[in-house]
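Remarks on the overall topology
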Amino acid sequence: MKPTRRWIVGGVIVGVVLVGVGLVPAGDGPQESSPAVRGPVMDLSDVSADPPGAPLRLLFIHHSVGGQLMARPSVEAGEETYFSIYDSHPNGGDLRRRLTEAGYQVHEAAYHSAVGHRTDLFDWLPKFRDHLDAVLRVDHQNVYYDDARRNQIVMFKSCFPNSLFVGEGEAPGNPAGPELTVWNARASMEALLEQFARHPEVLFVYFTSPPNAPRPQAQPLFKYLAKLILGRPTKGDQLRASGDLARQFANWVRSPDGWLRDYPHRNVVVFDYYDQLTADGNLAAYATDDQRDSHPSAEGNRRAAEALLPFLNRAARRAGLTE
């Protein structure tokens, strides 16, 4: 058992655990997030979940979390053929194989490609506004179709830092951010719809950002003690608060009365990846590295991959892309 000490600082009893030559605040365990309060979701249950009757070209814009979701499961990481595009991975969700077997022609863009390099929430508006033609022509990374082919489905997601909301912000919000507030995020997503409306023949699938791990990274003891003494929020406090705001945003973006309330076309849908990975709280239920790493485990990625396929089949059929 690690030796424990209790100090009294300014009348506050502070517990710490001695670890080697460093000090880590005691109680730095998994944070208890607020219970999940889920809002309504777009109902596609009246549309067939059968695979498409003809091949559909699908582009997935992602970084490491998406790369692991796509990869085959394995004991060790396989070849990283391109930056964050994995052949196999211990956290693999096997989504690439599932999509291919269902009839989708899978294409990917990630780090170090013109289309895939920037994927934060406030990057999507300039990307789709200024470079949509390039997005639709991507074959793989920086390789583009050399003929008239275009991607018929574009799936896009940000990584887990985009669930670290700092507050609600003020309406109507700034679509350019840069502060990650709920209102700024809403403004940016609403501005995207004008771009998507110009291409009703393309299905755009927005993934809500994955949740953050429930266990904060260790911090220097002096910072932890200073926050306690001054009554300021600790990392755990901030993590719980951002999780609540991430749930609020995810509920709005997926609700038929939210983001897509006044959108007249059927070419935009939301896959609530965040909800798939949170279980009954607002932080990650499938985190890795002793619940400190927000990259989902193989179990979490398999869960998401299994849910995505029938959802995507229905969305493609609803958008008129299938026979």
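Residues numbered from 1 in each chain as written. Predicted model: local features only at pLDDT ≥ 70, side-chain atom pairs only at ≥ 80, totals over all residues. Heavy atoms only, no water.

Quick look at the side chain of Ser163 now. Topologically, Ser163 is positioned in the loop between β12 (153-157) and α5 (182-197). Since its relative accessible area comes to 4%, Ser163 is described here as buried. Here the side chain of Ser163 touches Pro210 through a polar contact of 2.9 Å, landing on its backbone oxygen. Setting aside chain neighbours within four positions, we find Ser163 in contact with Ser209, Pro210, Pro211, Asn212, Ser242, Ala246 and Tyr274. (Helix = DSSP H or I, 4+ residues; strand = E, 2+ residues; numbered from the N terminus. Buried < 20%, exposed > 50% of the residue type's maximum accessible area, 1.4 Å probe, protein only. Polar contact = N/O pair within 3.5 Å; in protein donor to acceptor, adjacent residues only side chain to side chain. Contact = heavy atoms within 4.5 Å.)

Moving on, we come to the pattern of salt bridges. Within this structure, the stated rule accounts for 18 salt bridges. The shortest N-O distance in the salt bridge between Asp133 and Arg137 comes to 3.1 Å. Remark: Arg137 and Asp133 occur in helix α4 (residues 132-137); sequence separation between them is four residues, near one turn of the helix. Judged by its relative accessible area of 24%, Arg137 is partly exposed. The residue Arg261 makes a salt bridge to Asp262 at a minimum N-O spacing of 3.4 Å. Exposure remark for Arg261: the relative accessible area of 47% places this residue in the partly exposed category. (Salt bridge = Lys/Arg side-chain N within 4 Å of Asp/Glu carboxyl O.)

As a further point, take the side chain of Arg186. Position of Arg186 relative to the elements: it lies in helix α5. Buried and unpaired, Arg186 has Glu190 as its nearest opposite-charge partner, separated by 4.8 Å. (Lys, Arg positive; Asp, Glu negative; His and termini not counted.)

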